[in-house]
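Residues per chain are reported as follows:
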Amino acid sequence: MLLMLAVAGMAASCENDVINRTNQNEANNSTNAVKDADATEMAKFIGCWEYISIADEIDQLHSQTDYIFYFYENGDGYLTIDAYDKADLVRSMTRNSLTYWVKNEKLYVNYGDDDPIEWEYRFQDNTLTMRSTLDGDTFVFTKTEDGDMRFLGDWSTTRKSDDKYYDDHIQFVTPRDGFTYYNVYDNPNAAPIEGPSYPQWFKYTFDGDMLIMTNIDSATSTKKYYRFEGGKLYLSNSKDGIETCYSTIKKE
């Protein structure tokens, strides 16, 4: 029933390809301009929309699956799908960047392939009802808090350990989701000898000026104090601790 939402999705078993796929989709998105799109209607979609599917009684593995669309102002977006087990740990997931537009009172969602998915839609209060024009399946999404957009992007810092250089990355793909990975170099000005490493996915939230990143596989959390200055992101383990500076190249 939910295939249409994730038609271009890849399961978490393919995580080794996530970094390249995400970057490639973002490159495709930046050139996927759609003529004559209805900007007024598109503005209604901007934000975070969530649909929760509760597992039926015969499903012994999962408790629920969360489907979240992020629609951004520039026509880009992101889809996350997380299937939780009985212990509230994510056991399978999908991550896909997308582009979207509205034309002739229809919503079109493209995941980087040639054929966008067409939806009829209706807004009512804080809900968005989407009906597939292909098979008639209908989903009701609820608008939720957008989150902090300042973190979006791939942030990196370089450190040296013994005779190797490590390029550590934190990539925030939505206002709630991100992953870490690293590359290893003999020479920081040459090609990496190792990497990118297997991505470690997390959910992130905030407590004042503290960033909390919770690993989706183990529910263990890493807490960092954060601040932004001059286009840089600074993270530290304590309020007045030594800071690590991260830089990123953001999409224009």
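For the structure itself, look to the data block above.
Residues numbered from 1 in each chain as written. Predicted model: local features only at pLDDT ≥ 70, side-chain atom pairs only at ≥ 80, totals over all residues. Heavy atoms only, no water.

### Remarks on the overall build of the protein chain
Right, on to step 1. For the protein chain, the helix and strand inventory stands at two helices and 16 strands.
Right, on to step 2. Taking all 252 residues of the protein chain together, 44% fall into the buried category.
Right, on to step 3. Across the protein chain, every contact between residues at least 6 apart in sequence was considered, and the portion connecting residues at least 24 apart equals 43%.
Right, on to step 4. Within the structure as shown, the protein chain displays about 13,600 Å² of accessible surface, and the carbon and sulfur contribution to it stands at 47%. (Helix = DSSP H or I, 4+ residues; strand = E, 2+ residues; numbered from the N terminus. Buried < 20%, exposed > 50% of the residue type's maximum accessible area, 1.4 Å probe, protein only. Contact = heavy atoms within 4.5 Å. Areas by Shrake-Rupley, 256 points an atom, 1.4 Å probe, with all protein chains shown as cover.)

### Structural notes on the environment of Pro 175
Right, on to step 1. Tracing the chain through its elements places Pro 175 in the loop between strand 10 (164-172) and strand 11 (177-185).
Right, on to step 2. A C-alpha to C-alpha distance of 8.7 Å links Pro 175 and Tyr 70, two positions 105 residues apart in sequence.
Right, on to step 3. Not counting the four nearest positions on each side in its chain, Pro 175 is found in contact with Tyr 70, Tyr 72, Asp 146, Gly 147, Asp 148, Met 149, Leu 152 and Tyr 204.

### Side note on the pattern of salt bridges
Once the charged atoms of two side chains with opposite charge are near each other, the side chains can pair.
Right, on to step 1. Applying the stated criterion across every chain yields a total of 14 salt bridges.
Right, on to step 2. A salt bridge links Arg 95 to Asp 82; the nearest nitrogen and oxygen atoms lie 2.8 Å apart. Of this pair, Arg 95 sits in strand 4 (residues 90-103) while Asp 82 sits in strand 3 (residues 76-85); the two residues are 13 residues apart in sequence, bridging distant segments of the chain.
Right, on to step 3. On the basis of relative accessibility, which here comes to 3%, the residue Arg 95 falls in the buried class.
Right, on to step 4. What emerges from the salt-bridge pattern is a single network uniting Asp 82, Arg 95, Asp 177 and Lys 203. (Salt bridge = Lys/Arg side-chain N within 4 Å of Asp/Glu carboxyl O.)

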